[in-house]
Amino acid sequence: MSRIGKQPITVPAGVTVAVHGPPVSVEGPTGKLARSFAGVSFALEGNQVRVSPVGEGRAVGALHGTARAIVRNMVEGCATGYKKNLEIEGVGFKALLKGDTLDLVLGYSHPILYKIPAGVKVTVAENVKIEVTGPGRHLVGQVAADIRSFYPVEPYKGKGVRIVGEFVRRKEGKKTA
């Protein structure tokens, strides 16, 4: 049995959790999320959710803790939301928001058009600062990683798209004799 999975999930005020057999749905001020899990069962006890494994074995124990962590992230995301900040560095590099499409100019011969998925909100400030917010931790992180993957920071001049707080080790350029 997982040590993490044994801990109850406290549901804050303003967030509702509904267990419909395998699927669990969470609704709060920032949005609504639903997910289905196999191998675990959920029980609502007042303002707490308890996760218990269905069966025995190592894989069931691992899924027990994972399912509990995912549901806790769903509750936290629907209560307060998740946020990732990105920065664009480089001469002429910029980002523009056109409806639900992010238009990135990153030094290529063409602009990069990224369709923002539903459930995620992207804002651009000063043409170089991008903020990705939403209730789903996985989706917010995936959108930030997708945007970063178009031009990761290179180690020589530091140009590219970086997640704020990310450390990139700089390299020394070529030496001439």
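Everything here concerns the structure above.
Residues numbered from 1 in each chain as written. Predicted model: local features only at pLDDT ≥ 70, side-chain atom pairs only at ≥ 80, totals over all residues. Heavy atoms only, no water.

Undergrad: Whenever I open this one, the layout of surface pockets confuses me. Can you help?
TA: Once rolled over the atoms, a probe with the size of a water molecule shows which space is left empty. Considering only enclosed or pocket space, the largest pocket measures out at about 320 Å³ in volume. What lines the largest pocket is a set of 13 residues, among which Arg35, Met74, Gly136, Arg137 and His138 lie closest to the centre. If you list the elements that add at least two residues to the lining of the largest pocket, you get β4 (32-36), α2 (58-79) and α3 (137-149). The residue makeup of the lining of the largest pocket, split by class, is six nonpolar, four polar and three charged. (1 Å grid on protein atoms, 1.4 Å probe; cavity = no way out; pocket = protein on both sides within 12 Å on 5 of 7 lines; lining within 4 Å. Points joined across faces, edges and corners; volume = space filled by probe spheres on them. Helix = DSSP H or I, 4+ residues; strand = E, 2+ residues; numbered from the N terminus. Nonpolar A, V, L, I, M, F, W, Y, C, P; charged D, E, K, R; others polar.)

Undergrad: Help me understand the sheet that holds strand β6 (residues 48-53), please; the structure alone is not making it clear to me.
TA: What the three strands build is an open sheet, ordered β1-β6-β5; its pairing is antiparallel. Across the chains shown, the open sheet's two edge strands, defined by having one partner strand only, are β1 (9-10) and β5 (40-45). Direction of pairing for β5 relative to β6: antiparallel, over a ladder of six bridges. Directly across from Phe42, in β6, lies its bridge partner Val51. (Pairing = 2+ DSSP bridges.)

Undergrad: Can you help me understand the nonpolar core in this one?
TA: Side chains that are nonpolar tend, in soluble globular proteins, to be buried together. Counting residues in each nonpolar core, the largest one holds 21 residues, and the members touching the most others are Ile88, Leu102, Leu104, Leu106, Ile130, Val132 and Ile147. When contributions to this core are tallied by element, the ones reaching two or more residues are β7 (82-89), β9 (101-105), β10 (112-115), β12 (129-134) and α3. Here this core takes four residues from α3, the largest share from any one element. With residues up to four places along the chain from it excluded, the contact list for Ile130 reads Lys84, Asn85, Leu86, Ile88, Ala95, Leu102, Leu104, Val122, Thr123, Val124 and Ile147. Counting 17 residues, the second largest nonpolar core, distinct from the first, contains Val24, Val26, Leu33 and Phe37. (Core = buried A, V, L, I, M, F, W, Y, C linked by side-chain atoms within 4.5 Å. Buried < 20%, exposed > 50% of the residue type's maximum accessible area, 1.4 Å probe, protein only. Contact = heavy atoms within 4.5 Å.)

Undergrad: Please clarify how unusual backbone geometry should be interpreted in this entry.
TA: Positioned with a positive phi, Glu126 is a non-glycine residue whose angle comes to about 60°. Relative to the elements of secondary structure, Glu126 occurs in the loop between β11 (121-125) and β12. A positive phi angle, close to 65°, is found at Asn127, a residue other than glycine. Turning to its location among the elements, Asn127 is positioned in the loop between β11 and β12. For Asn127, a relative accessible area of 36% corresponds to the partly exposed category.

Undergrad: So what exactly am I meant to see when it comes to the environment of Gly134 here?
TA: In this structure, Gly134 sits in strand β12. The exposure class assigned to Gly134 is buried, which follows from its relative accessible area of 12%. For Gly134 and Val91, which are 43 residues apart along the polypeptide, the C-alpha to C-alpha distance reads 30 Å.

Undergrad: Just to check I follow, could you spell out the sheet that holds β9 for this structure?
TA: Hydrogen bonds along the backbone pair up the strands of a sheet, which may run parallel or antiparallel. Taking strand neighbours across the sheet as the criterion, the three strands line up as β8-β9-β10 in an open arrangement whose pairing is antiparallel. If you trace the sheet from one side to the other, it starts and ends with β8 (94-98) and β10, each paired once. Going across the sheet, the axis of each strand differs from the next one's by a mean of 25°, ignoring polarity. With five bridges joining them, β8 and β9 adopt antiparallel strand pairing. Of the residues in β9, the one forming a bridge with Leu96 is Asp103. (Axes fitted to C-alpha atoms, helices over the stretch in contact; angles between N-to-C directions.)

Undergrad: How do you make sense of the side chain of His64 when you look at a structure like this?
TA: Along the polypeptide, His64 turns up in helix α2. Of the polar contacts made by the side chain of His64, one reaches the backbone oxygen of Val51; its length is 2.9 Å. (Polar contact = N/O pair within 3.5 Å; in protein donor to acceptor, adjacent residues only side chain to side chain.)

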